[in-house]
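Residue strings, one per chain:
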Amino acid sequence: MIRIKDIAKEANVSEGTVDRVLHNRGGVSSKTEAKIRKILERRNYSINPVASALAMKNKHNIAVLIPEYNETDSFWKSPYLGVLKASDEVKNIGIQVNYFKFNQYAPTSYLESFEALLKTQPTAVIFAPTFLNETQKIAKQLEAVDIPYLFLNIDIEGFNNLTYIGQDSYTSGYIAGKLMHLGMEKDSKILIIQSRENSGDNNAISKRIHGFNDFFKDHTPDTTPVNLKIENLNDISKTQQNIKTCLDSHELITGIFIPSSRTSVIVDCLNQTDYKGFKIIGFDNTPQNVDCLKNDDMSFLISQKPFEQGYESIRVMSDYLLKSKVPNDKVYLPIDILIKENVVYNDMNQLMFENAISES
């Protein structure tokens, strides 16, 4: 009888890679997937439904619901890869992980993906609670059938989630304020740029802004940051014009705080104008943001360890299901301050994992 082990050996990949192809879980290059499927077809391999049913009898099914990502908005790739790495590690101890993605700007997509998730009859659910009203509906359904759930990346109060895994957003914003204040001249003004697409139910963004403002209230009460909300960061020409109008109206602005992962968009807009020399602080080491940091277009990036968030969410939920280990109410990840000189060393775990699956 042909085993997964035999397929992996012939394809010169890991058993986990073959398993991901068999169950359509992603994380495998198209070239490698094609090679594995060709071997599966030639060896006439198919999953034994009886054996699969017996194997699943004592297993737990964790369902993960997270936003989609793309080349221009790539933050959620990191949590997904963290989940993927952890799922490979826990499958041998009775944990199956299934993934469901949604459009982070569309509440209907969020609910539709959850309904698809629910049909898989999960033992537990991990999700990013992106929309408040819809999250209330989701939590109510999960609680009605006693399915434990935890929040990933976005922390919303007033729910019965097992825990929250992510950054202490308020403290990260407070740290950003402290970094902005370093070397700041007395009469300088600070600009906070927020996209309206991020301003609704994203509690992480609002907490960062709250922490940032509180630093200045505590240390320089006379400094009141200027706030600018952009309707749509994808509309580059309009974004440029809005920023220019704001800067023309506030000539003493020397620092710009962007409390989201779309910092590079703002930097690109500024680079196409005559406005230079701002201290810019943003969030998340997406490839675009890292490039800005390396090119000295940005002063600091604050990382919330998204790869580790995904990885820890699976580990924490697995411990709860298998060992009845109840986590703390909040599982905070480190707050990393990234500069040009140290950014290359950040998130090495993700880089090594990406290299491993691209080569497999």
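As annotated in an unreviewed UniProt entry, the protein chain is Substrate-binding domain-containing protein from Formosa undariae.

Our next topic: the packing of helix 1 (residues 4-11) against helix 2 (residues 15-22). Interhelical geometry of helix 1 versus helix 2 gives an angle of 110 degrees and a closest axis separation of 8 Å. Considering the angle they form, helix 1 stands roughly perpendicular to helix 2. Side by side, helix 1 and helix 2 meet where Ile 4, Lys 5, Ile 7 and Ala 8 of the first sit next to Glu 15, Val 18, Asp 19 and Leu 22 of the second.

This brings us to the sheet that holds strand 8 (residues 253-257). Spatially, 7-6-8-9-10-12 is the arrangement adopted by the six strands of the open sheet, whose pairing is mixed. The sheet is open, and its two edges are formed by strand 7 (226-230) and strand 12 (336-338), each paired on a single side. Going from strand to strand, the sheet's axes swing by 20 degrees on average, the running direction of each strand aside. Where strand 6 (residues 189-195) lies against strand 8, four bridges are found, and the strand directions are parallel. Of the residues in strand 8, the one forming a bridge with Ile 192 is Phe 257. Set on the sheet, helix 8 (residues 169-181) makes contact with strand 6, strand 8, strand 9 (279-283), strand 10 (300-303) and strand 12; between it and strand 9 the angle comes to about 165 degrees. Where helix 11 (residues 263-271) meets the sheet, its contacts fall on strand 6, strand 8 and strand 9, and the angle it forms with strand 9 comes to roughly 150 degrees.

Spanning 18 residues, helix 13 (residues 306-323) covers 25 Å between terminal C-alpha atoms, matching the ideal 26 Å at 1.5 Å per step. The element helix 13 is largely enclosed, with a buried count of 13 among its 18 residues. Just downstream of helix 13 lies Ser 324, where phi reads positive at about 55 degrees.

Here we take up the pairing of strand 4 (residues 149-152). Going residue by residue along strand 4, you find Tyr 149 and Phe 151 tucked away on one face and Leu 150 and Leu 152 tucked away on the opposite face as well. With three bridges connecting them, strand 3 (residues 124-127) and strand 4 associate as parallel partners. Within strand 4, the residue paired with Val 125 across the bridge is Tyr 149. Taken together, the two bridges between strand 4 and strand 5 (residues 164-166) define a ladder with parallel strand orientation. In the sheet register, Leu 152 faces strand 5, and the bridge partner there is Ile 165.

Across its 13 residues, helix 3 (residues 30-42) extends 18 Å between first and last C-alpha, which sits within 8% of the 18 Å expected from 1.5 Å per residue. When helix 3 is considered as a whole, its buried residues turn out to be Thr 32, Ile 36, Ile 39 and Leu 40. One side of helix 3 holds all its buried residues, which, seen down the axis, span an arc of 100 degrees. Exposed side of helix 3, more than 90 degrees from the buried face: Ser 30, Lys 31, Lys 38, Glu 41 and Arg 42 are the residues found there. Contact partners of the buried residues in helix 3: helix 1 and helix 2. Residue Asn 44 follows helix 3 closely and has a positive phi angle near 55 degrees.

Before going further, it helps to spend a moment on the pattern of salt bridges. Opposite charge on two side chains permits pairing when their charged atoms draw close. Overall, the coordinates contain 16 salt bridges when judged by the stated rule. We note a salt bridge from Asp 73 to Arg 262, for which the minimum N-O separation is 4.0 Å. Taken together, the positions of Asp 73 in the loop between strand 1 (60-67) and helix 5 (77-90) and Arg 262 in the loop between strand 8 and helix 11 put the pair 189 residues apart, joining distant regions of the chain. Its relative accessible area of 8% is what places Asp 73 among the buried residues.

Criteria and thresholds
Residues numbered from 1 in each chain as written. Predicted model: local features only at pLDDT ≥ 70, side-chain atom pairs only at ≥ 80, totals over all residues. Heavy atoms only, no water. Axes fitted to C-alpha atoms, helices over the stretch in contact; angles between N-to-C directions. Helix = DSSP H or I, 4+ residues; strand = E, 2+ residues; numbered from the N terminus. Parallel < 35°, antiparallel > 145°, perpendicular 65-115°, else oblique. Contact = heavy atoms within 4.5 Å. Pairing = 2+ DSSP bridges. Expected span 1.5 Å × (residues − 1). Buried < 20%, exposed > 50% of the residue type's maximum accessible area, 1.4 Å probe, protein only. Arc of directions from axis to C-beta. Salt bridge = Lys/Arg side-chain N within 4 Å of Asp/Glu carboxyl O.

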